Amino acid sequence: MADSNEMTVNLVVLGRTQTGKSAAGNSLLGSLDFESHLSPSSVTTCCSLGHSCRILGITRRNGCELALRIRVLDTPSYPHSSLSKEQVKHTVRSALAHHFREEGLHLALLVLRADLPLCPDENDQTIQFIQELLGPTWKDFTAVLLTHADKAEEAGLSEEAYLHKASSTLLSLLSSVQNKYVFLDNQKSIIKEERATVLRKLLNFIRQNNYRVLLKHDKE
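Here the residue numbering is sequential within each chain, running from 1 through the sequence in written order. Under the rules for a predicted model, residues below a pLDDT of 70 receive no local features and side-chain atom pairs below 80 are neither given nor counted, while totals for whole chains, interfaces and linings still include all residues. Hydrogens and water molecules were not included; the side-chain quantities draw on all heavy atoms of the structure.

Looking at an unreviewed UniProt entry, one finds the protein named GTPase IMAP family member GIMD1 and attributed to Pavo cristatus.

Printed below as a string of structure tokens:
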């Protein structure tokens, strides 16, 4: 934060194949930095960092408007169609250390599809991966991003109704990360107002964590 009127927010998107990680990253950045399309195999095979332009109108500090710069690290999915768990973990860990070594990571976004049920085995596998990747304080630095929320809306489910009907597996996961979750409408996510709402929620999570950052190093 060299500029007192500017803040850089460092995010990483994690999740399974075809959950919409890369598309979510593009929505947060307001760009098309990351390749994202329907595929029978995992699309992302390496990490890449995307940068937003200066974003105004999201938040203020000490009575003054605060400009945001969002940096999103897109990652290969796990499980992956062509990479082992160790390969994915090494790739992501190295990228976190390379890109966020100095400033640290503000928030890891676990991307799940709102239109698909979360099964216990799938959840356990994903949580174990994140624990191994981020370490013992992973819950403080992880939020759940529920993509394809437009599908739930089409089914007549508000966010509250969706959570009321959600599986105990999903509700337990949300509880473990202190109910840090955001719904992302894949049809509206690139619209300025929708993006601003999502960014405000993420900033609130970061504020609740006292702006702490997670520092990762290659040899961890």
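That shown, we press on.
Colleague: Before we move on, could you go through helix α2 (residues 85-100) and cite the residues and values that matter?
Modeller: Residue pairs three or four apart in sequence face the same way in an α-helix, which turns once every 3.6 residues. A run of H or I in DSSP becomes a helix once it reaches four residues, and a run of E becomes a strand once it reaches two; helices and strands are each numbered from the N terminus. The span you would expect from a helix comes to 1.5 Å times its residue count less one. The end-to-end C-alpha distance of α2, which contains 16 residues, comes to 22 Å, matching closely the 22 Å that a straight helix rising 1.5 Å per residue would cover. Buried residues are those whose accessible area, probed at 1.4 Å on protein chains only, stays under 20% of the maximum for their type, while exposed residues exceed 50% and partly exposed ones sit between those limits. All buried positions along α2 are accounted for by Val88, Lys89, Val92, Arg93, Ala95, Leu96, Ala97 and Phe100. Residue contacts are defined here by distance: any two heavy atoms, one from each residue, within 4.5 Å place the two residues in contact. Of the surrounding elements, those touching the buried residues of α2 are β1 (6-15), β2 (48-51), β4 (64-74) and α3 (120-134).

Colleague: Summarise the environment of Asp185; cite the residues concerned and give the values.
Modeller: Relative to the assigned elements, Asp185 resides in the loop between β7 (181-183) and α7 (192-208). Overall, the relative accessible area of 7% leaves Asp185 in the buried class. What Asp185 contacts, discounting residues up to four positions off in sequence, is Ala149, Asp150, Glu153 and Glu194.

Colleague: Tell me about the packing of aromatic side chains, residues and numbers included.
Modeller: Only rings of Phe, Tyr and Trp enter the pairing, Trp through its six-membered ring, and a pair is recorded when the two centres are within 6.5 Å. The plane angle decides the type: under 30 degrees is stacked, over 60 is edge-to-face, the rest tilted. This structure, assessed with the given rule, holds three aromatic pairs. On the basis of an interplanar angle of 20° and a centroid distance of 4.7 Å, the ring pair of Tyr78 and Phe129 is categorised as stacked. Taken together, the positions of Tyr78 in the loop between β4 and α2 and Phe129 in helix α3 put the pair 51 residues apart, joining distant regions of the chain. Here the two residues Tyr78 and Phe129 agree in accessibility, since each one is buried. With a centroid separation of 5.5 Å and 90° between ring planes, the pair formed by Tyr162 and Phe183 is classed as edge-to-face. Taken together, the residues span a long stretch of sequence, with Tyr162 in helix α5 (residues 159-165) and Phe183 in strand β7 at a distance of 21 residues.

Colleague: If you had to explain the environment of Leu174 to someone new, which residues and values would you point to?
Modeller: Here Leu174 lies in helix α6 (residues 168-176). Note on Leu174: relative accessible area 2%, which makes it buried. Sequence spacing of Leu174 and Lys139 is 35 residues, and the spatial spacing of their C-alpha atoms is 9.9 Å. Other than its neighbours up to four places away in sequence, Leu174 contacts Val144, Leu163, Asn179, Lys180 and Tyr181.

Colleague: For the pattern of salt bridges, give the residues involved together with the corresponding values.
Modeller: Any two side chains of opposite charge can pair, on the condition that their charged atoms come close. For salt bridges, the criterion is a side-chain nitrogen of Lys or Arg within 4 Å of an Asp or Glu carboxyl oxygen. A full pass over the atoms with the stated rule returns nine salt bridges. Salt-bridge contacts for Glu132 lead to Lys85; the nearest nitrogen and oxygen are separated by 3.2 Å. Placement of Glu132 in helix α3 and of Lys85 in helix α2 is noted, with a sequence separation of 47 residues between them. Look at Glu132 and you get partly exposed, because its relative accessible area is 29%. Across the pair Glu86 and Lys89 runs a salt bridge whose closest N-O atoms are separated by 3.3 Å. Of this pair, Glu86 and Lys89 both sit in helix α2, separated by three residues, roughly a single helical turn. Within the structure, one salt-bridge network assembled from shared partners comprises Lys85, Glu86, Lys89 and Glu132.

Colleague: Which residues make up the nonpolar core, and what values do they have?
Modeller: By nonpolar core we mean a set of buried residues, namely Ala, Val, Leu, Ile, Met, Phe, Trp, Tyr and Cys, connected to one another through side-chain atoms within 4.5 Å. The biggest cluster of nonpolar side chains holds 37 residues, and the ones touching the most others in it are Leu73, Leu96, Leu105, Leu112, Leu134 and Tyr162. Listed by contribution, the elements that provide at least two residues to this core are β1, α2, β5 (107-113), α3, β6 (142-147), α4 (149-154), α5 and α6. In contact with Leu73, other than residues within four places in its own chain, are Leu11, Val12, Val13, Cys47, Ser48, Leu49, Ala95, Leu96, His99 and Phe100. In this structure, Val9, Leu28, Leu107 and Val182 belong to the second largest nonpolar core, which totals 28 residues.

Colleague: Can you break down the side chain of Asn10 residue by residue, with the values?
Modeller: Position of Asn10 relative to the elements: it lies in strand β1. A relative accessible area of 0% means that Asn10 is categorised as buried. In terms of polar contacts, Asn10 uses its side chain to reach the side chain of Glu103, at 3.3 Å. Apart from the residues within four sequence positions on either side, Asn10 is in contact with Arg71, Phe100, Glu103, Gly104, Leu105, His106 and Leu107. Pairing of N or O atoms within 3.5 Å defines a polar contact, subject to two protein rules: one partner must be a possible hydrogen donor and the other a possible acceptor, and residues neighboring in sequence count only if both atoms are side-chain atoms.

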